[in-house]
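# A closer look at the structure
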Amino acid sequence: MRHPKQAKQLVDRFGRSVDYVRISITDRCDFRCVYCMSEEMTFLPREQILSLEEIYLLAKCFTELGVNKIRITGGEPLIRRNAVELLQKIGDLPLLDELVMTTNGSQLTHTASQLKQAHVARLNISLDTLNAEKFKDLTRTGDLDTVLKGIRTAINTGFKRIKINAVILKNRNDDEVVDLVRFALDSGIDISFIEEMPLGVISSHNRAEAYYSSDQIKADLDLHFKLEKISDTTAGPSDYYRIQGSQTKVGFISPHSHNFCSTCNRVRLTAEGRLLLCLGNEHSIDLKAIVRANPNDTEIIKQAIIDAMDLKPEQHEFDLTEQPIIMRHMNSTGG
Ligand code: SAM
Ligand code: SF4
């Protein structure tokens with residue numbers, strides 16, 4: 001049985017309460033998605049990333065400060081050795097209400113049931129195209145069939161909800177938005193479209209030219225589906241609609257066209273242990289250094305987290321036409 005909820009102790013200068021943490025457990029990935037990574041990536045040496053024990057300790061500290069939702073992400077979280085054991089331990093934290101995960105789906109055929117046992121409630125699975133060649137083109141190393149089998153296995157495993165995440169790029173996969181929604185509808189799952197963010201330098205395309213807005217996607221979908229606006233159930237950045245007569249929700253995450261910072265309730269822990277206060281800014285503290293200097297003193301660690309809230313900026317400033325000011329790629333940040 002869950003304990004009564006811990007009081008929320010993480011509040012920033014703008015009165016926003018932080019009760020959600022996204023933890024990137026690795027910067028490594030078996031894919032090289034064109035919007036996320038450059039073709040040649042250098043990954044962090046093992047000693048620079050948080051150990052599984054350190055991640056667990058920090059997750060526990062966060063829950064004791066009022067965080068009730070944790071998302072495990074990466075890189076590809078499921079390629080880190082013993083990721084499932086870590087999820088099991090975090091899923092057992094008594095003050096946590098919900099453990100969720102974002103994955104590229106490549107490992108789901110053999111991990112889905114273990115994830116369910118580890119109390120992972122919901123999965124976000126990335127899928128930008130249903131065309132095998134395009135999938136290879138966008139992920140560089142991924143295999144569509146493996147991911148579709150992974151999605152099917154996850155659906156059959158019975159998670160509370162499964163959501164597809166799709167990043168849409170003009171002239172690459174914008175012609176697939178209707179098919180992707182139809183796939184979600186037929187599978188009885190949800191889908192969110194994400195506007196590409198300028199995180200890290202990439203080589204494959206010009207981000208400003210590839211920009212395809214949420215409004216444009218919505219207009220494309222309106223020609224085929226009846227989308228009914230629903231109130232946000234997760235306090236997240238998505239605008240949600242339901243396809244009339246179905247359970248399928250369609251979300252739009254629009255960092256450029258619809259700023260959502262005023263309701264931001266989250267922070268991120270990067271694979272190398274930086275507590276990042278905002279996805280679109282560099283304000284952070286080095287939690288790894290604090291944990292390694294005080295491995296047995298959770299009070300010091302928790303106080304550092306509380307103090308860090310003062311650094312949370314009011315909003316992100318993304319500009320697709322400039323060179324990215326955020327040099328970190330999404331894989332090390334934890335999307
Ligand atoms: N590897 C997992 C996956 O792909 O789902 C988890 C990590 S990935 C960084 C998390 C999410 O970030 C994915 O849905 C991915 O599509 C999205 N993403 C990556 N780079 C992005 C970018 N530059 N702009 C917007 N979304 C991005
Ligand atoms: Fe890997 Fe996810 Fe980034 Fe694609 S979006 S390269 S799957 S971390």
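Residues numbered from 1 in each chain as written. Chains lettered and ligands numbered in written order. Predicted model: local features only at pLDDT ≥ 70, side-chain atom pairs only at ≥ 80, totals over all residues. Heavy atoms only, no water.

## Some details on the environment of Gln244
Positionally, Gln244 belongs in the loop between strand S8 (238-243) and strand S9 (249-253). Through-space distance from the C-alpha of Gln244 to that of Glu228 is 6.4 Å; in sequence the pair is 16 residues apart. One polar contact links Gln244 to Glu228, side chain to side chain, over a distance of 3.1 Å. (Helix = DSSP H or I, 4+ residues; strand = E, 2+ residues; numbered from the N terminus. Polar contact = N/O pair within 3.5 Å; in protein donor to acceptor, adjacent residues only side chain to side chain.)

## Considerations on the site of ligand 2
As a structural note, the neighbourhood of ligand 2 is formed by Cys29, Phe31, Arg32, Cys33, Cys36, Met37, Gly75 and Asn104. Here the residues of the shell around ligand 2 sort into five nonpolar, two polar and one charged. (Near = heavy atom within 4 Å. Nonpolar A, V, L, I, M, F, W, Y, C, P; charged D, E, K, R; others polar.)

## Regarding the pattern of salt bridges
Where charged atoms of side chains with opposite charge meet at close range, the side chains can pair. Applying the stated criterion across every chain yields a total of 15 salt bridges. One salt bridge in this structure joins Lys302 and Glu64, with 2.8 Å as the shortest N-O distance. A residue pair is termed long-range when its members are at least 10 positions apart, and Lys302 in helix H9 (residues 298-308) and Glu64 in helix H1 (residues 52-64) qualify at 238 residues. In this structure, the salt-bridge partner of Lys134 is Asp175, at a minimum N-O distance of 3.0 Å. Of this pair, Lys134 sits in helix H4 (residues 132-139) while Asp175 sits in the loop between strand S5 (161-167) and helix H6 (177-187), and the two are 41 residues apart along the sequence. Put simply, Lys60, Glu64, Glu299 and Lys302 are held in one network by salt bridges that share partners. (Salt bridge = Lys/Arg side-chain N within 4 Å of Asp/Glu carboxyl O.)

## Concerning the packing of aromatic side chains
All told, the structure shown has three aromatic pairs when counted by the stated rule. On the numbers, 5.9 Å between centres and 90° between planes, the contact of Phe31 with Phe135 is edge-to-face. Within this pair, whereas Phe31 is found in the loop between strand S1 (20-24) and H1, its partner Phe135 is found in helix H4, the two being separated by 104 residues in sequence. Taking relative accessible area as the criterion, Phe135 reaches 3% and is therefore assigned buried. Look at Tyr241 and Phe252: their rings are 5.7 Å apart centre to centre, the planes differ by 80°, and that puts the pair in the edge-to-face class. With Tyr241 in strand S8 and Phe252 in strand S9, this residue pair connects regions lying 11 residues apart in the sequence. Through a chain of ring-to-ring contacts, three or more aromatic side chains come together here, namely Phe193, Tyr241 and Phe252. The ring of Tyr240 carries the charged tip of Lys249 above its face, separated from the ring centre by 4.8 Å. (Phe/Tyr/Trp six-rings, centres within 6.5 Å; stacked < 30°, edge-to-face > 60°. Buried < 20%, exposed > 50% of the residue type's maximum accessible area, 1.4 Å probe, protein only. Lys NZ or Arg CZ within 6 Å of the ring centre and 35° of its normal.)

## As for the nonpolar core
Core analysis: the biggest nonpolar cluster contains 93 residues, and Phe62, Ile90, Leu115, Leu123, Phe193, Leu221 and Ile305 have the highest contact counts within it. Looking at which element gives the most residues to this core, the answer is H1, with seven residues. Beyond its immediate chain neighbours, meaning those up to four positions away, Leu123 contacts Met101, Leu108, Leu115, Ala154, Phe159, Arg161, Ile162 and Lys163. (Core = buried A, V, L, I, M, F, W, Y, C linked by side-chain atoms within 4.5 Å. Contact = heavy atoms within 4.5 Å.)

## Re the site of ligand 1
Lining the immediate surroundings of ligand 1 are 19 residues, of which Tyr35, Gly75, Thr103, Ser126 and Met197 lie closest. With respect to ligand 1, the backbone of Thr103 contributes an N or O atom lying 3.1 Å from an oxygen atom. Contacts to ligand 1 include Ser126, whose side-chain N or O atom sits 2.6 Å from an oxygen atom. Within the complex, the protein chains bury 95% of what would otherwise be the 550 Å² of accessible surface of ligand 1. Elements represented by at least two residues in the shell around ligand 1 include exactly strand S3 (98-103) and S5. (Areas by Shrake-Rupley, 256 points an atom, 1.4 Å probe, with all protein chains shown as cover.)

## Considering the packing of H1 against H9
Interhelical geometry of H1 versus H9 gives an angle of 65° and a closest axis separation of 10 Å. Here H9 runs roughly perpendicular to H1, going by the angle between their axes. Taken as a pair, H1 and H9 cross one another with a handedness that is right-handed. Note on element contacts: H9 touches H1 through Thr298, Ile301, Lys302 and Ile305, opposite Leu57, Leu58, Cys61, Phe62 and Glu64. The residue inventory of the contact of H1 with H9, partitioned by class, reads six nonpolar, one polar and two charged. (Axes fitted to C-alpha atoms, helices over the stretch in contact; angles between N-to-C directions. Parallel < 35°, antiparallel > 145°, perpendicular 65-115°, else oblique. Left-handed = near helix turned anticlockwise from the far one by under 90°.)

## Concerning the pairing of strand S10 (residues 266-269)
Of the two faces of S10, the one lined by Arg266 and Arg268 and the one lined by Val267 and Leu269 are each fully buried. When S1 meets S10, the two strands line up parallel, connected through four bridges. The residue of S10 that forms the bridge with Val21 is Val267. Judged from the two bridges that link them, S10 and strand S11 (residues 274-276) form a sheet pairing that is antiparallel. Paired with Leu269 across the two strands is Leu275, which belongs to S11. Remark: four residues form the turn of the hairpin made by S10 and S11, two consecutive strands paired antiparallel; Gly273 in that turn has positive phi of roughly 85°. (Pairing = 2+ DSSP bridges.)

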